[in-house]
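Secondary and tertiary structure notes
Here is what each chain is made of, one letter per residue.
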Amino acid sequence: WWSPPVRAMLPLEALRVSKSMRNVLNQKRFRVTMDQDFEGVIRGCQRAPRDGEGTWISDEVVEAYLKLHELGSAHSVEVWQGDALVGGLYGVSIGRMFFGESMFSFETDASKVALVYLIARLKHGGYTMLDTQFTTEHLSRFGAIEVPRGRYHTYLQDALEQPADFYSLPISTSSASILQLSGHKS
């Protein structure tokens, strides 16, 4: 397990959704599903361009996460445009913590839509935190923060002691409901 001195997290109550992102959600350009194409999402993350860097998602990693998904511990959020998978994210759920592993976007805003849907689902299901591992400009705009290792371990211990329910929110929840459930802050 990799434990850096500072860890990035997105406190669910701190979610910030910009006006432009709210407009994207209300335009209904995308259809969002959960756990319908886990392998498609992880393969999308594997293929996504990474600023000239390779990917850490080897075929062995894909197989390991597919097994975690079969066991009910790994989940995906898929973003579709028509019949094409254009964005998404995946991660691991343990207790009341969701560990975001990777995301991708082949269409503008697709991964952002996935993130807003994920956070609404997590809040509704009793989760307390989304571990994003690193802080990026993209995640900072949504409210991600960095916390020192000691405080992270406290959050982690508390989250692991309580159950949460990834499936407590109906898959067909509307964009308007997602924004309300996410408790977004502009």
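Here goes a summary of the coordinates provided.

Let us now look at unusual backbone geometry. In the Ramachandran plot, Asp35 falls in the positive-phi region, its phi being about 55° despite a non-glycine side chain. Structurally, the position occupied by Asp35 is in the loop between β2 (31-34) and α2 (38-47). Even without a glycine there, the phi angle at Asp109 is positive, about 75°. As for its placement among the helices and strands, Asp109 is situated in the loop between β5 (97-105) and α4 (110-124). The class of Asp109 is buried, set by a relative accessible area of 17%.

Right, let's talk about the pattern of salt bridges for a bit. Enumeration over the complete set of coordinates arrives at seven salt bridges. We note a salt bridge from Arg7 to Asp131, for which the minimum N-O separation is 3.0 Å. Here Arg7, found in strand β1 (residues 6-11), pairs with Asp131, found in strand β6 (residues 129-133); they are 124 residues apart in sequence, far enough to count as distant. By the burial criterion, Arg7 is buried, and Asp131 matches it. A salt bridge links Arg141 to Glu137; the shortest N-O distance between them is 2.7 Å.

On the basis of which strands lie adjacent, the open sheet formed by seven strands has the order β2-β3-β4-β5-β6-β1-β7 and mixed pairing. Strands at the two margins of the open sheet, each flanked by one partner only, are β2 and β7 (145-148). Across the sheet, the mean angle separating the axes of adjacent strands is 30° when strand polarity is ignored. Two strands pair when backbone bridges link them, and β5 and β6 are joined in this way by three bridges, in the parallel orientation. Within the sheet, the bridge partner assigned to Phe98 lies in β6 and is Leu130. Along the sheet, helix α3 (residues 59-70) contacts β3 (74-81), β4 (84-94) and β5; its crossing angle with β3, the most-contacted strand, is approximately 100°.

Calculation rules
Residues numbered from 1 in each chain as written. Predicted model: local features only at pLDDT ≥ 70, side-chain atom pairs only at ≥ 80, totals over all residues. Heavy atoms only, no water. Helix = DSSP H or I, 4+ residues; strand = E, 2+ residues; numbered from the N terminus. Buried < 20%, exposed > 50% of the residue type's maximum accessible area, 1.4 Å probe, protein only. Salt bridge = Lys/Arg side-chain N within 4 Å of Asp/Glu carboxyl O. Pairing = 2+ DSSP bridges. Axes fitted to C-alpha atoms, helices over the stretch in contact; angles between N-to-C directions. Contact = heavy atoms within 4.5 Å.

Any link to function would need more than the numbers given here.
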